[in-house]
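Descriptive structure summary
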Amino acid sequence: MGFYLKKGINIGPLRINLSKSGVGLSVGGKGLRVGSGPQGTYVHAGRKGLYYRKNISNPTSKWGLIILIALLALGVWAYQSGIISINL
């Protein structure tokens, strides 16, 4: 197994994920996260060392783009509604 660095920017429940293969976006909290990026759309769940990740679609699928846009719209709506705030 190769080593890698996990890089990302958290903005409330949104996370912008940065990697060598590209940029992704995910939404969720501790224990459950749904995201989309260069590896496709996925669900990631788990806590305390036990995790499960399932790819929902492949990177070339149109569903990945649709889910990414929906996640971004959800984040913007939550920010504008005051559900989340950004503290820099």
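Preceding this paragraph is the structure being described.
Keep in mind the model is a prediction, meaning the values are calculated, not measured.

**Thoughts on the pairing of strand β6 (residues 50-57)**
In regular strands, side chains alternate between the two faces of the sheet. Relative to β6, strand β5 (residues 40-47) runs antiparallel, the two being bridged by seven bridges. Opposite Tyr 42, over in β6, you have Asn 55 as the bridge partner.

**Let's talk about the side chain of Ser 26**
Mapping Ser 26 onto the fold places it in strand β3 (residues 22-29). At 3.3 Å, the side chain of Ser 26 forms a polar contact with the side chain of Asn 17. When sequence neighbours within four positions are dropped, the list of residues in contact with Ser 26 reads Pro 13, Leu 14, Arg 15, Asn 17, Arg 33, Val 34, Gly 35, Tyr 42 and Leu 71.

**Regarding the sheet that holds strand β2 (residues 14-19)**
If you walk across this open sheet you meet the six strands as β1-β2-β3-β4-β5-β6, and the pairing is antiparallel. Of all strands in the sheet, those bounded by a partner on one side alone are β1 (7-11) and β6. Mean inter-strand twist for the sheet, computed between neighbouring axes without regard to direction, equals 20°. Taken together, the five bridges between β1 and β2 define a ladder with antiparallel strand orientation. Counted as the bridge partner of Lys 7 is Leu 18 from β2.

**Some remarks on the environment of Leu 32**
Along the chain, Leu 32 falls in strand β4 (residues 32-37). Placed 20 residues apart in sequence, Leu 32 and Tyr 52 show a C-alpha to C-alpha distance of 9.6 Å. Excluding anything up to four places from it in sequence, Leu 32 contacts Val 27, Val 43, His 44 and Ala 45.

Scoring rules and cut-offs
Residues numbered from 1 in each chain as written. Predicted model: local features only at pLDDT ≥ 70, side-chain atom pairs only at ≥ 80, totals over all residues. Heavy atoms only, no water. Pairing = 2+ DSSP bridges. Helix = DSSP H or I, 4+ residues; strand = E, 2+ residues; numbered from the N terminus. Polar contact = N/O pair within 3.5 Å; in protein donor to acceptor, adjacent residues only side chain to side chain. Contact = heavy atoms within 4.5 Å. Axes fitted to C-alpha atoms, helices over the stretch in contact; angles between N-to-C directions.

Read these as geometric descriptors, not functional statements.
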